[in-house]
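Understanding the architecture of this molecule
For reference, the chains in residue letters:
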Amino acid sequence: YPNPTSDFVSIEVPSNEKISSIEIKNMVGQTVYLGHQPKIDVTMLTSGVYTLEMLTTGGPRLYNKFIKK
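Residues numbered from 1 in each chain as written. Predicted model: local features only at pLDDT ≥ 70, side-chain atom pairs only at ≥ 80, totals over all residues. Heavy atoms only, no water.

1. Section: the packing of aromatic side chains
Cut-off, in case you're wondering: Two rings from Phe, Tyr or Trp (for Trp, the six-membered ring) form a pair when their centres are within 6.5 Å of each other. A pair whose planes differ by under 30 degrees is stacked, one over 60 is edge-to-face, and the rest are tilted. Runs of E in the DSSP output that reach at least two residues are strands. Runs of H or I that reach at least four are helices, and both are numbered from the N terminus. Each residue's exposure class comes from its accessible area (1.4 Å probe, protein chains only) as a fraction of the maximum for that residue type: buried when under 20%, exposed when over 50%, partly exposed otherwise.
Overall, the coordinates contain one aromatic pair when judged by the stated rule. Relative to Phe 66, the ring of Tyr 50 lies with its centre 5.7 Å away and its plane at 20°, an arrangement referred to as stacked. With a gap of 16 residues between them, Tyr 50 in strand 5 (residues 48-56) and Phe 66 in strand 6 (residues 62-68) connect regions that are remote in the sequence. Accessibility expressed as a relative area gives 4% for Phe 66, which makes it buried.

Next comes the structure, spelled out in structure tokens:
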């Protein structure tokens, strides 16, 4: 959240899990961000739709899309 966004994306996970990795890809599949922090500065991204892939310690890889204004 928030979605759409212009500056930051925040990720919430259950309290018993930790984020192992976060990868943001543009619509052509290029990785534009790789990290593990739950608050991501997306001001460096151009406007468009992005896929966020997240791996947590307690579950499968999760996918979500967001729009950068």
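Next comes the rest of the description.
2. A short note on the environment of Ser 47
Defined as follows: It only takes one pair of heavy atoms within 4.5 Å for two residues to be counted as in contact. Distance and chemistry together define a polar contact, namely a pair of N or O atoms within 3.5 Å, with one atom able to donate a hydrogen and the other to accept it when in protein, and with adjacent residues in sequence counting only for side-chain atoms on both sides.
Relative to the assigned elements, Ser 47 resides in the loop between strand 4 (39-41) and strand 5. We classify Ser 47 as exposed; its relative accessible area is 56%. Sequence separation of Ser 47 and Lys 69 is 22 residues, and the distance between their C-alpha atoms is 5.0 Å. Beyond its immediate sequence surroundings of up to four residues, Ser 47 is in contact with Lys 68 and Lys 69. Polar contacts involving the side chain of Ser 47 include one to the main-chain carbonyl oxygen of Lys 69, which spans 3.3 Å.

3. Describing the nonpolar core
This is how the line gets drawn: Each nonpolar core is a collection of buried residues, namely Ala, Val, Leu, Ile, Met, Phe, Trp, Tyr and Cys, held together in the definition by side-chain atoms within 4.5 Å.
Counting 13 residues, the largest nonpolar core has Ile 11, Ile 22, Ile 24, Ile 40, Val 42, Leu 52 and Phe 66 as its most contacted members. Of all the secondary structure elements, the ones that give two or more residues to this core are strand 2 (19-25) and strand 5. Residues within four places of Leu 52 in sequence aside, it is in contact with Val 9, Ile 11, Ile 22, Glu 23, Ile 24, Ile 40, Leu 62, Tyr 63, Asn 64 and Phe 66.

4. A look at the side chain of Glu 17
Worth spelling out the cut-off: Charge convention: Lys and Arg are scored as positive, Asp and Glu as negative, and His as well as the terminal groups of each chain are ignored. By salt bridge we mean one thing: a side-chain nitrogen of Lys or Arg within 4 Å of a carboxyl oxygen of Asp or Glu.
Its location among the elements puts Glu 17 in the loop between strand 1 (8-10) and strand 2. It turns out Glu 17 is buried and unbridged, and the closest side chain with the opposite charge, Lys 18, is 11 Å from it. Within polar-contact distance, the side chain of Glu 17 engages the side chain of Thr 56 at 2.8 Å.

5. Here's the deal with the sheet that holds strand 6
Applied cut-off: In short, DSSP must find at least two bridges between two strands for them to pair. Axis definition: a line fitted to C-alpha atoms, limited for helices to the stretch in contact. Angles are taken between N-to-C directions and run from 0 to 180 degrees.
Ordered by their spatial adjacency, four strands build an open sheet running 3-2-5-6, and the pairing between neighbours is antiparallel. Each edge of the sheet is formed by a strand with only one pairing partner; in this case those strands are strand 3 (31-35) and strand 6. Here the strands of the sheet are splayed against their neighbours by 20° on average, with no regard to which way each runs. Across seven bridges, the pairing between strand 5 and strand 6 is antiparallel. Bridging across to strand 6, Val 49 finds its partner in Ile 67.

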